[in-house]
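# Close look at the chain arrangement
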Amino acid sequence: MKIERITVCNIASLAGTHSVDFTKDPLRTAGLFSIGGATGAGKSTLLDALCLALFDQTPRLNQVGRLADLTNGEKQNDTRMLLRRNTACGFAEVAFVGVDKQHWTARWSVRRAHNRPDGNLQNVEMALYRGHIAAGSQGTVEEGGRKTLVKEAIIEKIGLTFEQFTRAVLLAQNDFATFLKADDKQRAEILQALTGTESFEAI
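Residues numbered from 1 in each chain as written. Predicted model: local features only at pLDDT ≥ 70, side-chain atom pairs only at ≥ 80, totals over all residues. Heavy atoms only, no water.

Turning to its location among the elements, Leu82 is positioned in the loop between α2 (59-64) and β3 (89-97). Considering only alpha carbons, one finds Leu82 and Asn10, 72 residues apart in sequence, at a separation of 8.6 Å. In this view, Leu82 contacts Asn10, Ile11, Ala12, Asp48, Leu52, Thr58 and Leu61; residues no more than four positions away in its chain are not counted. (Helix = DSSP H or I, 4+ residues; strand = E, 2+ residues; numbered from the N terminus. Contact = heavy atoms within 4.5 Å.)

Structure representation (structure tokens):
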């Protein structure tokens, strides 16, 4: 899997629509780069968006655990809670090259009832599109509708589950040693998925 673009709209600390395109300079030729900025600038939000679009989960919310519900009944570890305050809708989108060498775009979106900032949160919608589509636009749907089917299709295209992804590709803050602490079987599964060497084990 190769990530080519992350687009965020009204998620957490990022208001409006923002895109990071890894296929264009200076990122295309950078090789190694860092995400920097002041507290609240949106560094973690970019990583949240990446995980939301692919898995409808984020390491940050998983660390929240089971907290008391809010007064309106919403749960603090619900991914929909990442929708920016005083906004009616938002989305996270990732364009990537899958393990099948094909181009795909995964999108996660949420909105409030009647498109009003004070409306009730609606169910999360996810879709997987063929090819790289323009940020926020529609394309040819590979899988849409039922969220579980979309997530299964995305996992098949990237070759990693959320747990494997957050152990080997995206290490959350204070979780640097997770991959090192994994047992031999877990590390082998992750490394095989990353390098495409599953066939050697079969042989």
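A few words on the pairing of strand β2 (residues 14-21). Bridge count for strand β1 (residues 2-11) against β2 is six bridges, and the pairing is antiparallel. Opposite Cys9, over in β2, you have Thr17 as the bridge partner. Between β1 and β2, which follow one another and run antiparallel, lie two residues, and Ala12 among them has a positive phi close to 50°. (Pairing = 2+ DSSP bridges.)

So, about the sheet that holds β3. Reading across from one edge, β2-β1-β3-β4-β5-β6 is the order of the six strands in this open sheet, with antiparallel pairing throughout. Each edge of the sheet is formed by a strand with only one pairing partner; in this case those strands are β2 and β6 (141-143). Taken pair by pair, the neighbouring strands of this sheet meet at an average axis angle of 20°, ignoring direction. As defined by bridge partners, strand β4 (residues 103-111) adjoins strand β5 (residues 125-130) across six bridges and the pair is classed as antiparallel. In the sheet register, Thr105 faces β5, and the bridge partner there is Tyr129. (Axes fitted to C-alpha atoms, helices over the stretch in contact; angles between N-to-C directions.)

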